[in-house]
Amino acid sequence: MATHGPVVTSVAASATVGAAAPSLRRPRRGAVLIWWREIDRVLLSLVLVLMVVGAVAVAAASPASAHRLSTHQKTLSDLTFFWAQLRWQAVGLVFMIGVSMLPKETARRSAILLAGVMIVALMLVPLIGTEVKGAKRWILGIQPSEFLKPGFAIAVAWILSWKARDTQMPVIRLSMALIAVVGALLMAQPDFGSTVLFCGVWFVLVLLSGLPLVRVGWALAGGIAIVIAAYLFYPNATHRIDAFLTGGAQFDQVDLAMRTLVAGGWTGTGLWLGARKNALPEAHTDYIFSVIGEEFGLIACAAIVILYCAIVLRVLLRLVDEEDLFTVLAATGLTAQLAGQAFINIMVNLQLFPSKGMTLPLISYGGSSTIALLLGVGFLLAITRRNPYLTRETFHLGELTRK
């Protein structure tokens, strides 16, 4: 009989462990189910579609860039950038899903902390940064300005949302101080394109927060004055604006991009059949929209524009009945950032905007840019999460001006 005691005990212990295991798994499974119920699945689907489009577009542009960047010492394979982009997308998806599962308050604190760390990194770039193509923007293998984008939008939204609690707080001046610091650090790299984007996001947020029309006029005048000053005293801006106004030299980057864009007509030449893309200096990054136009046609380009517009519209519809000012501002800022970057890139490819050296969001090849953009989407998904079974009282921005 004594020999059966340990056996009975071990069986009982195994049964206990077996019973406990499901209870340990339930909370984790429950958290995922709650996340899936609260997440904006339409927005997530639109982002995933853009990522698939981006993978195909990088595959189309990869041979041209690989041949251009190959040397006698090292020959890059045709799909070098395609396989690398898939790896960056996989890493970015992990960050996006992980961040999107955070509670709203945790996501806000994380984004503000990220903004602070990246501002410090921007301060260190002139000292220990790596110079690439005449601009010093990299430090320890990452580009701080890319990771600052989502943090900056949420930090400005957080500052401006203080107005809902106390209308006397100088939130506009505080946000102006933040954009002034960020703009100065970016211009020192130099990175005129990112400076324009950050200023645009800031302006959208202060306008949405209830900035009086008189101050709107002053802000616009100030922006024009800054652009004029940049043109007069900032060589990087002078060169880009001059090239845009005068049309640049024949067959320069923007001219080549436009010729490549329209070379495929409405339906394109077909995957890997485009010839003009081989002359583009940044076919897989800045001018990937032109590669899409050549190989997949202007109809495909129009479909991409529609996808970006659908993302903006979806976020706006999601915010229609939102009662929290911070949520409205943060989601709008993150969306304006993504849409603004896409708008600038597409306008450059169409020769309607000065060259900025800015990638097409979620489509262009990139390490820091891809991960940072998906991180921003993760914050957007986290901030706009909501219980579909709860009703809420709508918040109106007009209430700020009546207080």
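Here, the structure is the one placed above.
Here the structure is a predicted model, which means the values were calculated and not measured.

Draft legend 1. Expanded view of the overall build of the protein. When helices and strands are tallied, the protein shows 15 helices and 2 strands. Put simply, the protein has 403 residues, and 46% of those count as buried. Long-range contacts, defined as pairs at least 24 residues apart, comprise 74% of the intrachain contacts of the protein with a sequence gap of at least 6.

Draft legend 2. Just the nonpolar core, in detail. Counting residues in each nonpolar core, the largest one holds 96 residues, and the members touching the most others are Val47, Leu148, Phe152, Ile363 and Phe379. Here Ile363 is in contact with Leu50, Val53, Gly54, Ala57, Val58, Gln85, Ile288, Ile292, Ile304 and Tyr308, once residues within four sequence places are set aside.

Draft legend 3. The arrangement of the packing of aromatic side chains in detail. On inspection of all chains with the given rule, the structure shows 5 aromatic pairs. Consider the rings of Trp35 and Trp36, whose centres lie 6.0 Å apart with planes at 45 degrees: the pair is tilted. On the basis of relative accessibility, which here comes to 43%, the residue Trp36 falls in the partly exposed class. The interplanar angle of 80 degrees and the centroid separation of 5.2 Å between the aromatic rings of Phe81 and Tyr365 together place this pair among those described as edge-to-face. Of this pair, Phe81 sits in helix α3 (residues 80–100) while Tyr365 sits in the loop between α13 (325–349) and α14 (368–383); the two residues are 284 residues apart in sequence, bridging distant segments of the chain. Pair check on accessibility: Phe81 and Tyr365 agree, each one buried.

Draft legend 4. Seen up close, the side chain of Asp40. Relative to the helices and strands, Asp40 is located in the loop between α1 (5–38) and α2 (41–69). Reaching out from Asp40, the side chain makes a polar contact with the backbone nitrogen of Leu43 at a distance of 3.3 Å. Polar side-chain contacts of Asp40 include one of 3.0 Å to the side chain of Arg314. Discounting residues that sit within four places of it in the chain, Asp40 has contacts with Arg314, Arg318 and Leu381.

Draft legend 5. View of the packing of helix α4 (residues 104–128) against α14. Two elements in contact, α4 and α14, have axes separated by 9 Å at closest approach and are oriented at 150 degrees. Considered as vectors, α4 and α14 are oriented roughly antiparallel to each other. Handedness of the crossing formed by α4 with α14: left-handed. Counted together, Lys104, Ala107, Ser110, Ala111 and Leu114 of α4 and Leu375, Phe379, Ala382 and Ile383 of α14 form the full contact between these two elements.

Draft legend 6. Highlighting helix α11 (residues 288–296). Buried residues dominate α11, accounting for 8 of its 9 residues. Those residues of α11 that sit buried are Ile288, Phe289, Ser290, Val291, Ile292, Gly293, Glu294 and Glu295. In this structure, the buried side of α11 is in contact with α2, α10 (253–263), α12 (298–319) and α13. Phi for Gly297, located one or two positions after α11, is positive at around 95 degrees.

About the thresholds
Residues numbered from 1 in each chain as written. Predicted model: local features only at pLDDT ≥ 70, side-chain atom pairs only at ≥ 80, totals over all residues. Heavy atoms only, no water. Helix = DSSP H or I, 4+ residues; strand = E, 2+ residues; numbered from the N terminus. Buried < 20%, exposed > 50% of the residue type's maximum accessible area, 1.4 Å probe, protein only. Contact = heavy atoms within 4.5 Å. Core = buried A, V, L, I, M, F, W, Y, C linked by side-chain atoms within 4.5 Å. Phe/Tyr/Trp six-rings, centres within 6.5 Å; stacked < 30°, edge-to-face > 60°. Polar contact = N/O pair within 3.5 Å; in protein donor to acceptor, adjacent residues only side chain to side chain. Axes fitted to C-alpha atoms, helices over the stretch in contact; angles between N-to-C directions. Parallel < 35°, antiparallel > 145°, perpendicular 65-115°, else oblique. Left-handed = near helix turned anticlockwise from the far one by under 90°.

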